[in-house]
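Each chain, written out:
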Amino acid sequence: MSDTAEGPGAAASVPSRGTATRRAQYERATRRRSTLVAATSTVVVVALVIVVVPLAPGWHNVRASFFDGHTFRQSFPKLLDPFLLNLKIFAICAPCIVALGMLIAMARNVRSPALFPLKLFATIYTDVVRGVPVILWITLIGFGVPGLFHERHWYTKAVVWGGAALVLCYSAYVAEVFRAGIESVHESQRAASRSLGLSSGQTMRSVVLPQAVRRVVPPLMNDMVSLQKDVALVSIIGPVEALRRANVLVQKSFNFTPLVAAAVLFLCVSIPLTRFTDHLLTRERRRTTGTAVA
Amino acid sequence: MKLQLQQVRKSFGGKVVLSDVSLDVDAHQVVCLIGASGSGKSTLLRCVNLLEPIDDGAILLDEVDISEPGLDPDPVRARIGMVFQSYNLFPHMNVLRNITLAPVKVLRRRQTDARDAAMDLLGRFGLADKAHAYPDQLSGGQQQRVAIVRALAMEPEIMLLDEITAALDPVLVGEVLELVRELRAGGMTMLLATHEMGFAREIADSVCFLQEGRIVEHAPPEQIFTMPAHDETREFLARVIASGRL
């Protein structure tokens with residue numbers, strides 16, 4: 001890579017005003033080539049799927065029972081109302097999860113010996129809750145707690161306790177996210193704050209938490225995306241949300257297309273949510289490292 | 001404000017960092033701590049600010065023992081300003097909020113009063129146009145000057161400066177040292193750890209040479225830098241001169 005190796009072409013590498021430098025030309029060519037490769041491989045893969053899958057011997061039956069246009073058009077509107085219940089459960093659970101998760105994370109971070117039982121409880125809580133499958137918690141709590149009451153009230157409804165189970169599970173996961181964020185704030189920030197005379201509580205509120213929360217927004221959004229889907233798990237204890245309704249439609253029509261319609265509905269919410277998370281991640285990376293690495 | 005250290009002892013896991021350190025800083029005096037990295041300068045400053053509990057001895061502020069076990073450290077720290085090598089500004093707050101946070105939360109000043117006072121200080125040190133900038137948008141020298149202003153906003157009776165120019169490139173060191181000169185001219189009591197020997201010689205009323213947690217020599221700068229009484233001091237300064245830092 002010495003200068004002499006370039007030979008007669010070396011003169012062309014001197015940048016001149018108006019025309020691109022050799023380096024810029026090379027980079028543009030590389031960019032163009034990778035776009036071309038990406039486009040070609042996408043077309044090939046999609047074409048293969050379109051060509052190969054229908055070649056399967058059972059394709060005709062599968063298409064009729066999963067991708068039936070008529071059933072889709074009929075079932076899709078019927079799923080909208082139940083899906084609203086999904087969104088409601090999500091909208092109520094999400095803020096509760098964030099608040100409870102934050103409280104548990106702070107309980108795990110207390111340093112005062114008097115509050116040790118709180119710390120112990122928070123630690124056991126996150127360990128036990130995360131150690132059992134979400135679907136099992138929903139069944140246990142959704143069926144168990146209403147059994148405590150003989151009469152029916154709003155608070156004996158399965159949907160309430162299904163939601164409570166979701167809050168229980170997700171707050172444990174979210175607490176770990178917050179805890180990681182709190183621990184990622186450098187000790188020198190605490191030292192600076194304490195040296196100004198702020199108490200440990202004031203330091204937590206004004207200095208540590210605001211920085212911690214900013215850092216954990218992307219992983220927090222990841223949890224929210226998966227919560228949005230896991231709301232469907234509540235269907236196993238009774239409430240008629242989108243998945244349960246789709247199952248009912250499947251029984252009626254002897255066709256699986258309603259499930260595909262439900263999947264489309266979930267995608268309508270989770271894809272924008274995921275894209276938004278990616279956007280936040282990229283922005284955070286650019287902010288902390290100065291440049292985004294491809 | 002008078003600061004007295006009496007036979008202060010501190011060790012980290014068996015390693016002695018300060019052994020029998022006794023030192024007086026009188027009101028309006030500037031005392032410089034010099035010595036190699038790891039000689040205990042930073043630990044000494046952190047102990048004075050109660051960021052590190054001491055093992056033995058006493059630290060007196062106006063004849064009151066502030067190292068008393070069980071004593072609430074917050075009111076003590078509010079009287080002592082501390083500036084760190086790595087600035088430690090709060091990155092999520094702009095300059096003005098960095099400065100007004102403690103006066104509002106600790107001294108219970110009104111937000112508007114704290115702002116006015118902060119703007120006054122920023123103006124005095126040529127930083128008024130940076131009031132709404134975030135730390136990441138400032139140069140190292142500007143960040144360190146803001147950190148000093150943040151400490152000053154608490155109207156401290158003494159300032160502890162912990163190698164505040166060590167992280168700066170040589171061009172930016174000057175503006176920070178100029179600010180410290182102004183503080184001295186204003187009569188601020190200061191205890192500072194520094195690697196800038198020329199600056200120590202210029203600004204200090206007395207210089208303390210630390211080695212392995214002990215004060216080897218404590219004397220006026222002319223004496224320390226021209227005719228040190230101890231061999232260790234002489235060796236240290238010879239090394240400093242050899243490295244071109246004096």
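Since we're looking at a predicted model, the values are computed, not measured. (Residues numbered from 1 in each chain as written. Chains lettered and ligands numbered in written order. Predicted model: local features only at pLDDT ≥ 70, side-chain atom pairs only at ≥ 80, totals over all residues.)

A. Structural context of the overall build of chain A. When helices and strands are tallied, chain A shows 10 helices and 0 strands. The N-to-C order of helical and strand elements in chain A reads α-α-α-α-α-α-α-α-α-α. In chain A, which comprises 294 residues, the proportion classed as buried is 25%. The contacts in chain A between residues at least 6 apart in sequence include a share of 73% that link residues at least 24 apart. (Helix = DSSP H or I, 4+ residues; strand = E, 2+ residues; numbered from the N terminus. Buried ≥ 20, exposed ≤ 12 C-beta atoms within 10 Å, placed from the backbone. Contact = placed C-beta atoms within 7 Å.)

B. Just the overall build of chain B, in detail. Each helix and strand in chain B was counted, giving 9 helices and 10 strands. Radius of gyration (C-alpha) of chain B: 18 Å, near the 18 Å computed for a compact globule of 246 residues. Once the C-alpha set of chain B is aligned to its principal axes, its extents read approximately 55 × 45 × 35 Å. Counting the 246 residues in chain B, one finds 43% classified as buried. (Rg over C-alpha atoms; globule rule 2.2 N^0.38 Å.)

C. Just the packing of helix H5 (residues 134-144) of chain A against helix H6 (residues 158-184) of chain A, in detail. Residue and element names in this part refer to chain A. Across the interface, H5 lies against H6 with an axial gap of 8 Å and an inter-helix angle of 140 degrees. In this view, H5 runs oblique relative to H6, as classed from their interaxial angle. The crossing of H5 and H6 is right-handed. When H5 is examined against H6, the residues Val134, Trp137, Ile138, Ile141 and Gly142 are found in contact with a partner set consisting of Ala158, Trp161, Gly162, Ala164, Ala165, Leu168 and Cys169. Residue classes in the contact of H5 with H6 are distributed as 10 nonpolar, 2 polar and no charged. (Axes fitted to C-alpha atoms, helices over the stretch in contact; angles between N-to-C directions. Parallel < 35°, antiparallel > 145°, perpendicular 65-115°, else oblique. Left-handed = near helix turned anticlockwise from the far one by under 90°. Nonpolar A, V, L, I, M, F, W, Y, C, P; charged D, E, K, R; others polar.)

D. Focus on the domain arrangement of chain A. The domains assigned to chain A are domain 1 (16-55) and domain 2 (75-289). Relative to domain 2 of chain A, the C-alpha centre of domain 1 of chain A lies at a distance of 40 Å. (Domains from an automatic or database assignment.)

E. Examining the sheet that holds strand S4 (residues 56-61) of chain B more closely. Pairing is antiparallel across the open sheet formed by 4 strands, whose spatial order is S2-S1-S4-S5 (chain B). The sheet is open, and its two borders are formed by strand S2 (15-25) and strand S5 (64-65) of chain B, each paired with just one other strand. (Pairing = 2+ DSSP bridges.)

F. Spatial organisation of the sheet that holds strand S7 (residues 158-162) of chain B. Residues and elements named next belong to chain B. If you walk across this open sheet you meet the 6 strands as S6-S7-S8-S3-S9-S10, and the pairing is mixed. The open sheet has two edge strands with one neighbour each: strand S6 (80-83) and strand S10 (214-219). When strand polarity is set aside, the average angle formed by the axes of neighbouring strands in this sheet is 15 degrees. Bridge count between S6 and S7: 4 bridges; the pairing is parallel. From the neighbouring strand, glycine 81 faces S7, where its bridge partner is methionine 159.

G. Fine view of the nonpolar core. Counting 112 residues, the largest nonpolar core has A:Leu166, A:Phe178, B:Cys32, B:Val48, B:Leu160, B:Leu191 and B:Cys208 as the members making the most contacts within it. Apart from residues no more than four positions distant in its own chain, B:Cys32 is found in contact with B:Leu192, B:Thr194, B:Ala200, B:Ala204, B:Val207 and B:Cys208. A:Leu79, A:Phe83, A:Leu243 and A:Ala246 belong to the second largest nonpolar core, which has 8 residues in total. (Core = buried A, V, L, I, M, F, W, Y, C linked by C-beta atoms within 7 Å.)

H. Looking closely at unusual backbone geometry. With a phi close to 45 degrees, B:Gln7 is a non-glycine residue in the positive phi region. In this fold, B:Gln7 is placed in strand S1 (residues 3-12).

I. Expanded view of the environment of B:Thr233. Residues and elements named next belong to chain B. Tracing the chain through its elements places threonine 233 in helix H9 (residues 231-242). Along the chain, threonine 233 and aspartate 113 lie 120 residues apart, while their C-alpha atoms are 48 Å from each other. Ignoring anything within four residues of it in the chain, the contact list for threonine 233 reads Phe209, Val216, Glu217, Ile224 and Pro228.

J. Representation of the interface of chain A and chain B in the model. Counting residues at the interface gives 16 residues for chain A, matched by 17 residues for chain B. Looking at side-chain class alone, the side of chain A that touches chain B contains 6 nonpolar, 8 polar and 2 charged residues.

K. Broad picture of H6(A). With 27 residues, H6(A) should reach 39 Å at 1.5 Å per residue; the first-to-last C-alpha distance of 39 Å fits that figure. H6(A) sits mainly inside the fold: 19 of its 27 residues count as buried. (Expected span 1.5 Å × (residues − 1).)

L. Looking closely at the confidence of the model for chain A. Residues and elements named next belong to chain A. Overall, the predicted model of chain A reaches an average pLDDT of 86, with 90% of residues at or above 70. The secondary-structure element of chain A with the lowest mean pLDDT is helix H10 (residues 257-289), recorded at 83, while helix H7 (residues 187-195) shows the highest, at 96. Counting interchain partners and residues more than four positions distant, the pLDDT-below-50 stretch residues 290-294 has 4 contacts. (pLDDT = per-residue confidence, 0-100.)

M. Structural detail: the pairing of strand S8 (residues 189-193) of chain B. All names here are of chain B. Counting buried positions over the 5 residues of S8 gives 5, a clear majority of the element. Of the two faces of S8, the one carrying Thr189, Leu191 and Ala193 and the one carrying Met190 and Leu192 are both buried. Pairing of strand S3 (residues 30-34) with S8 involves 4 bridges; the strand directions are parallel. Counted as the bridge partner of valine 31 is leucine 191 from S8. Relative to S8, S7 runs parallel, the two being bridged by 5 bridges. Its bridge partner lying in S8, leucine 161 is registered against leucine 192.

N. Fine view of the packing of helix H3 (residues 69-109) of chain A against H6(A). All names here are of chain A. Taken N-terminus to C-terminus, the directions of H3 and H6 make an angle of 45 degrees; their axes are 6 Å apart at the nearest point. With respect to H6, the axis of H3 lies oblique. For the pair H3 and H6, the sense of crossing is right-handed. Tallied by class, the residues present in the contact of H3 with H6 amount to 17 nonpolar, 4 polar and 2 charged.

O. Examining the environment of B:Glu182 more closely. All names here are of chain B. Among the structural elements, glutamate 182 can be located in helix H6 (residues 170-185). Using a count of 13 C-beta atoms within 10 Å as the deciding quantity, one classes glutamate 182 as partly exposed. For the pair formed by glutamate 182 and phenylalanine 125, sequence separation is 57 residues and the distance between their alpha carbons is 9.2 Å.

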